[in-house]
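Residues per chain, in single letters:
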There are 2 protein chains.
Amino acid sequence: MSDYPRPALAADVVALGFDGSELFVLLIQREHEPFAGSWALPGGFVEPSESAEQAALRELTEETGLTDVSVEQLHTLSQPGRDPRGWVVSVAHLALLRMADHPPAAGDDARRAEWVPVKRAKALAFDHGLALERALARIRARAERFPFGAELLPEKFTLRDLEALHRAVLGEDLDRRNFRKRVRSWAALVPLDERETGVRHRRARFFRFDGRRLRPFVRAETGES
Amino acid sequence: MSDYPRPALAADVVALGFDGSELFVLLIQREHEPFAGSWALPGGFVEPSESAEQAALRELTEETGLTDVSVEQLHTLSQPGRDPRGWVVSVAHLALLRMADHPPAAGDDARRAEWVPVKRAKALAFDHGLALERALARIRARAERFPFGAELLPEKFTLRDLEALHRAVLGEDLDRRNFRKRVRSWAALVPLDERETGVRHRRARFFRFDGRRLRPFVRAETGES
DNA sequence: CCAAAAGTGTTCTCCATACACCCATGC
DNA sequence: GCATGGGTGTATGGAGAACACTTTTGG
């Protein structure tokens, strides 16, 4: 068994964020060949003492300093020739995180990851574009069927924030009244007494997600993939 | 990059079949430690010249002689220690195949895979039970939302066959009239003029799936996993 | 008073569900 | 003629979609 040729095993992360109006993905601009100058997913090699998920989380933490992040496996990319340097298989992961907590890296360190609007994230290095596609498809499916947004929005948010997120994920067609009816039917969404301030229009109510009531949905999804 | 430790990479297959009343999974009884005597998923090591999917299909073909099979990736199992012999990462796949075309192996070759009823497939070797769980969850989700059954049923089948399959996948609660209404609303299901013969009750009509009309659903699913 | 977004209800259609009886066939 | 499964229709309830106006606030 041990005399089989072995691939290098990478864990890459499609980390998505939301700035209030647009989806972003965390990318690194490559300095060296292959794909020098191209954008690529953050990631690194899996160590024998950890799972691919753990490696993805570790890489993400090293990159952003952020630890309280949900990471889940997306797909394993194993097409021969996907990395010109040799046999490298990559387990792609999806991470959803609150962009506000992880500001765009200070511009001085070129190795730092940057938030790039998903719409502008084209022609990624390797087959990372496929991983991004899958990540978007996954959250689309999730937003269609389940309460969605807890990981991407700040603790408190308005229904308009949530609506903007759904709009960004699903496309432009959403009726406000129907949307509100739908999300308020989720028991997982709890209204707060607090309201927006300093806006020059009526103050929107804040909401938060109830993680307890969200959990059943997280389980329901597992079979969904 | 090449001085990182590398795992052995396996491609394992959860091959599911349906005998008309029950779901089966194709398993191999292990002869050697670890897990000697336990049931395990068929599979083998990925070669540098192929993708994990291709490896899964190759292994399945070697095992069953069958080639016209749909294989898709399920999940990558990478928990450290999952294989006591060393660092082995496995990409688990789902394959759906027509059991009738792949009869239970002749009993004389112990290395041959056997169809085991899913209900009796407990305590699999390694973490193969997890892969089986995921496979079942995936087809459950699919049967709930999309036309399902084309890969598991013979070319021609009766609505009762299809119903039995859905019952096996989803559980026992299915109303026959509602089920028929639902599947007949799929344009993908086409009635034939042919009917059952030799049964001592009214002859059931045969149906087949229209692969052309099925395709849009296959695409719709990609985002679902 | 004006701009900008918050907030709110009703109607309609469609789909899922619940539910019970007659029909064709072989023995 | 009887046992076995094939085959059919209707009524109801809930969810999603379409659709327009009033309210609050800051400038």
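Please read all numbers here as calculations on a predicted model, not as lab measurements. (Residues numbered from 1 in each chain as written. Chains lettered and ligands numbered in written order. Predicted model: local features only at pLDDT ≥ 70, side-chain atom pairs only at ≥ 80, totals over all residues. Heavy atoms only, no water.)

Caption draft 1: Geometry of the packing of aromatic side chains. What the rule picks out here adds up to ten aromatic pairs over all chains. Plain terms: the ring middles of B:F146 and B:F217 are 6.3 Å apart, the flat faces sit at 70 degrees to each other, and that makes the pair edge-to-face. Residue B:F146 is located in the loop between α2 (128–145) and β8 (157–158), and its partner B:F217 is located in helix α5 (residues 211–221); the two are separated by 71 residues in the primary sequence. On the accessibility criterion, B:F217 (29% relative accessible area) is partly exposed. Three or more aromatic residues link up through ring pairs in this structure, and these residues are A:F157, A:W186 and A:F209. Geometry around A:F146 places A:R145 over its ring, the cationic atom sitting 6.0 Å from the centre. (Phe/Tyr/Trp six-rings, centres within 6.5 Å; stacked < 30°, edge-to-face > 60°. Helix = DSSP H or I, 4+ residues; strand = E, 2+ residues; numbered from the N terminus. Buried < 20%, exposed > 50% of the residue type's maximum accessible area, 1.4 Å probe, protein only. Lys NZ or Arg CZ within 6 Å of the ring centre and 35° of its normal.)

Caption draft 2: A look at the relation of the copies chain A and chain B. Once turned by 180 degrees and shifted 0.0 Å along the axis, chain A lies on chain B with an RMSD of 0.1 Å. Between the two chains, the operation in question is that of a two-fold axis. Most of the interface of chain A is mirrored in chain B: 100% of its interface residues are interface residues there too. (Least-squares fit on C-alpha atoms with pLDDT ≥ 70 in both. Contact = heavy atoms within 4.5 Å.)

Caption draft 3: Inspection of the interface of chain A and chain B at higher detail. Contacts between the two partners involve 37 residues from chain A and, on the opposite side, 37 residues from chain B. The junction of chain A with chain B conceals about 3,300 Å² of combined surface from both sides, 61% of it contributed by carbon and sulfur atoms. Seen at the junction of chain A and chain B, the total is zero salt bridges. Run the count over chain A and chain B and you get eight residue pairs in polar contact (both at pLDDT 80 or more). Elements represented by at least two residues in the side of chain A that touches chain B include exactly β1 (8–18), α1 (52–64), β5 (70–77), β6 (88–96) and α2 (128–145) of chain A. With five residues, α2(A) is the single largest residue contributor to the side of chain A that touches chain B. A per-class count over the side of chain A that touches chain B returns 17 nonpolar, eleven polar and nine charged. (Buried area = accessible area lost by both parts, 1.4 Å probe. Salt bridge = Lys/Arg side-chain N within 4 Å of Asp/Glu carboxyl O. Polar contact = N/O pair within 3.5 Å; in protein donor to acceptor, adjacent residues only side chain to side chain. Nonpolar A, V, L, I, M, F, W, Y, C, P; charged D, E, K, R; others polar.)

Caption draft 4: Main features of the sheet that holds strand β9 (residues 189–195) of chain A. All names here are of chain A. Read across the sheet, three strands follow the order β8-β10-β9 without closing on themselves; strand pairing throughout is antiparallel. Bordering the open sheet on either side are β8 (157–158) and β9, each of which pairs with just one other strand. Note that β8 and strand β10 (residues 205–209) share two bridges and pair antiparallel. Bridging across to β10, T158 finds its partner in F206. (Pairing = 2+ DSSP bridges.)

Caption draft 5: Just the packing of helix α3 (residues 159–170) of chain B against helix α4 (residues 176–184) of chain B, in detail. Residue and element names in this part refer to chain B. Packing of α3 against α4 leaves a shortest axis separation of 11 Å and a crossing angle of 105 degrees. Between α3 and α4, the angle falls in the class roughly perpendicular. Here L159, R160, L162, E163 and H166 of α3 lie close against α4, whose contacting residues are R176, F179, R180, R182, V183 and R184. Within the contact of α3 with α4, the residues separate by chemical class into four nonpolar, one polar and six charged. (Axes fitted to C-alpha atoms, helices over the stretch in contact; angles between N-to-C directions. Parallel < 35°, antiparallel > 145°, perpendicular 65-115°, else oblique.)

Caption draft 6: Summary view of the sheet that holds strand β9 (residues 189–195) of chain B. Across the sheet, three strands lie side by side as β8-β10-β9 (chain B); this open sheet has antiparallel pairing. Two strands lie at the open edges of the sheet, namely β8 and β9 of chain B, each paired on one side alone.

Caption draft 7: Up close: helix α3 (residues 159–170) of chain A. All names here are of chain A. For α3, built from twelve residues, the straight-helix expectation of 16 Å at 1.5 Å per residue is met to within 8% by its first-to-last C-alpha distance of 16 Å. Among the residues making up α3, those that are buried are L159, L162, E163, A164, L165, H166 and V169. At the C-terminal side of α3, G171 shows a positive phi close to 120 degrees. (Expected span 1.5 Å × (residues − 1).)

Caption draft 8: Main features of the protein's contact with DNA strand C. The environment of DNA strand C is formed by 21 residues, the closest being A:R160, A:R176, A:R180, B:V199 and B:R200. Among all atoms of DNA strand C positioned within 4 Å of the protein, those belonging to sugar or phosphate total 45%. In the model, a base nitrogen of DNA strand C is placed 2.9 Å from a nitrogen or oxygen of the B:N178 side chain. A distance of 2.7 Å separates a base oxygen of DNA strand C from a polar backbone atom of B:R200. Elements with a contribution of two residues or more to the surface near DNA strand C: α4 (176–185) of chain A together with α4 of chain B. Looking at the surface near DNA strand C, its residues break down into two nonpolar, three polar and 16 charged. (Near = heavy atom within 4 Å.)

Caption draft 9: Region of interest: the environment of B:A92. Residue and element names in this part refer to chain B. Of note, A92 is situated in strand β6 (residues 88–96). For A92, a relative accessible area of 1% corresponds to the buried category. In this structure the C-alpha to C-alpha distance between A92 and A131, which are 39 residues apart in sequence, comes to 6.3 Å. What A92 contacts, discounting residues up to four positions off in sequence, is D12, Q73, L74, H75, L77 and A131.

Caption draft 10: Examining the domain arrangement of chain A more closely. All names here are of chain A. By the assigned domains, chain A splits into domain 1 (8–142) and domain 2 (146–224). Placing a centre on the C-alpha atoms of domain 1 and another on those of domain 2 gives a separation of 26 Å. Listed as interface residues are 14 residues of domain 1 and, on the opposing side, 16 residues of domain 2. Here domain 1 packs against domain 2, burying approximately 1,400 Å² in sum over the two surfaces, 62% of which is carbon and sulfur. In terms of surface lost to domain 2, no three residues of domain 1 exceed F18, R98 and R142, which account for 50% of the buried area on that side. Counting across the interface, domain 1 meets domain 2 through one salt bridge. (Domains from an automatic or database assignment.)

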